[in-house]
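So you can see what is in the structure, the chains are spelled out below.
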Amino acid sequence: MVALGQALVECILERQPLALVQKMVADGGPLWYQDDEGTSALHAAAYTENEELVRYLIQEGAVWNAVDNLHNTAGDVALSMNNEACYNLVRDAGIRSGKPRVLPSVACPALTAHTELLLTLLSSRAPPATSSLSMVLRATDTTAAGSPAAFLSSSLKFIKDDGGQEICLLKVSDEEEVGVMMGWERGISESSTVERLCDDHEHLRDGLKVLNVGFGLGIIDGFFQALPTRPSLHVIIEPHPDVLAHMRELGWYDKPNVRILEGKWQDFVEREELLGVGGFDVVYTDTFSEDYKDLKQFFDHVPDLLVGPESRFGFFNGLGATNALFYDVYARVSELHLADVGIDVEWTDVDVFEGGEDRWGETREYFAQRLYRLPVGRMRIMS
Ligand SMILES: C[S@@+](CC[C@H](N)C(=O)[O-])C[C@H]1O[C@@H](n2cnc3c(N)ncnc32)[C@H](O)[C@@H]1O
């Protein structure tokens, strides 16, 4: 098998005719094989910029998200060759794997093997710093960064780093710390998210009814409070005891019109505390240690949480953000899932590169893109 796989990769890199590659595959050449450098047949086809071959290999079941030793997928290779057609073929394979044609209607779907793979890949705001195929295939991240139960029973520190950046810090192991929330994201929250969610909202002058899921450093909540007219109702859902204690110290419990729901969004989403409000003008969610499956479950509830078509929904779009292809696939899959519940998304690109060099310190890097893709969803008007 290994010899066949090696021969297949070499044959593609030598740009042999398609018919020969097809014969080797038909004779059992394994598409999952990766050579010493992690190059698979699909990587090789992307290197040679052979669109027809990329399409053929994907049809035959090549693994779209296998990463080589440099942590690049075939899609990343195509991107580096500036070959849009090949990139799109790999990306679309990813989207198909994340969006089964017939979506189960229940909240906890029986996911296909491919979907599980994708969801694992996209799981958690803070994926492991290094990725390899084995990590991509790993079923779950059981550290406090990938397991809600472990996260909620771990302790958090609120610190400032040497550059004065505020960080809500979680120790995931003796060797590693990860920022649950970091001050550099202020730019995303301020100039962009709150502006796009609220600025020209038709209820802004009356005071918006806002729901925010996940307090973290309270950055976005601070911006909601700083709107020209304060929210007429500002509900914050937060489960972590250390964050709740921090909120108490900062006086959030005493702010007018602020209502803090102590617990997880899952505890409240179908309860009177939320549904009794009669709909929010703005809903935003940014949790930690949850994966795409959890976010998708939240999506399913969003239409019940909004007042109507003028309301807006936002979420922190950070899953898959250590890799350009995965980030792209994830954005498109979430757009498709939101469309399923009647929400259309508009995306704005926000450049988050400036000052990025020192932002991570010793902590795990969870966002490696220059552009943050900011989503704002609205309920589709049915005609
Ligand atoms: C990334 S931080 C939020 C940062 C916040 N957007 C800000 O501007 O500072 C994530 C927060 O979500 C909270 N969280 C985690 N799981 C949650 C859940 N299931 N429901 C609600 N909040 C959750 C965490 O305790 C943490 O405070």
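Attention in this report is confined to the structure presented alongside it. (Residues numbered from 1 in each chain as written. Predicted model: local features only at pLDDT ≥ 70, side-chain atom pairs only at ≥ 80, totals over all residues. Heavy atoms only, no water.)

## Comments concerning the pairing of strand β8 (residues 312-315)
Walk down a regular strand and you will see the side chains alternate between the two sheet faces.
Stage number 1. The two faces of β8 match: Arg 312 and Gly 314 on one face and Phe 313 and Phe 315 on the other face are all buried.
Stage number 2. Summarising the sheet, strand β7 (residues 282-285) and β8 pair through 4 bridges and their orientation is parallel. If you follow Val 282 over to β8, its bridge partner there is Arg 312.
Stage number 3. On the question of chirality, the crossover connecting β7 to the parallel β8 by way of helix α15 (residues 292-305) is right-handed. (Buried < 20%, exposed > 50% of the residue type's maximum accessible area, 1.4 Å probe, protein only. Helix = DSSP H or I, 4+ residues; strand = E, 2+ residues; numbered from the N terminus. Pairing = 2+ DSSP bridges. Right-handed = clockwise from strand over helix to strand, strands pointing away.)

## Looking at a nonpolar patch on the surface
Stage number 1. A cluster of nonpolar residues, Met 1, Val 2, Leu 4 and Trp 32, forms a patch on the protein surface that exposes about 440 Å² of accessible area.
Stage number 2. In this fold, Met 1 is placed in the segment before α1 (2-13).
Stage number 3. Residue Met 1 is classed as exposed on the basis of its relative accessible area of 58%. (Patch = residues over 30% accessible without salt bridge, like charges linked within 9 Å, V, L, I, M, F, W, Y side chains within 5 Å. Areas by Shrake-Rupley, 256 points an atom, 1.4 Å probe, with all protein chains shown as cover. Salt bridge = Lys/Arg side-chain N within 4 Å of Asp/Glu carboxyl O.)

## Some words on the pattern of salt bridges
Stage number 1. Applying the stated criterion across every chain yields a total of 12 salt bridges.
Stage number 2. One salt bridge in this structure joins Glu 51 and Arg 55, with 3.5 Å as the shortest N-O distance. Of this pair, Glu 51 and Arg 55 both sit in helix α4 (residues 51-59), 4 residues apart, which is roughly one turn of the helix.
Stage number 3. In this structure Arg 55 comes out as partly exposed when scored by relative accessible area, which is 37%.

## Observations concerning helix α16 (residues 324-340)
Stage number 1. For α16, spanning 17 residues, the distance from its first C-alpha to its last is 25 Å, which sits close to the expected 24 Å at 1.5 Å a residue.
Stage number 2. Looking at α16, one finds that the buried residues are Leu 325, Phe 326, Tyr 327, Asp 328, Val 329, Tyr 330, Ala 331, Val 333, Ser 334, His 337 and Leu 338.
Stage number 3. Just downstream of α16, Gly 342 is the residue with a positive phi angle, here 85°. (Expected span 1.5 Å × (residues − 1).)

## Overview of the sheet that holds strand β1 (residues 156-160)
Stage number 1. The sheet built from 3 strands is open, its strands ordered β1-β2-β3 with antiparallel pairing. Looking at strand neighbours, the two that pair on one side only are β1 and β3 (177-182), the edges of this open sheet. Ignoring which end each strand starts from, the neighbouring axes of this sheet average 35° apart.
Stage number 2. Bridge count between β1 and strand β2 (residues 166-171): 5 bridges; the pairing is antiparallel. (Axes fitted to C-alpha atoms, helices over the stretch in contact; angles between N-to-C directions.)

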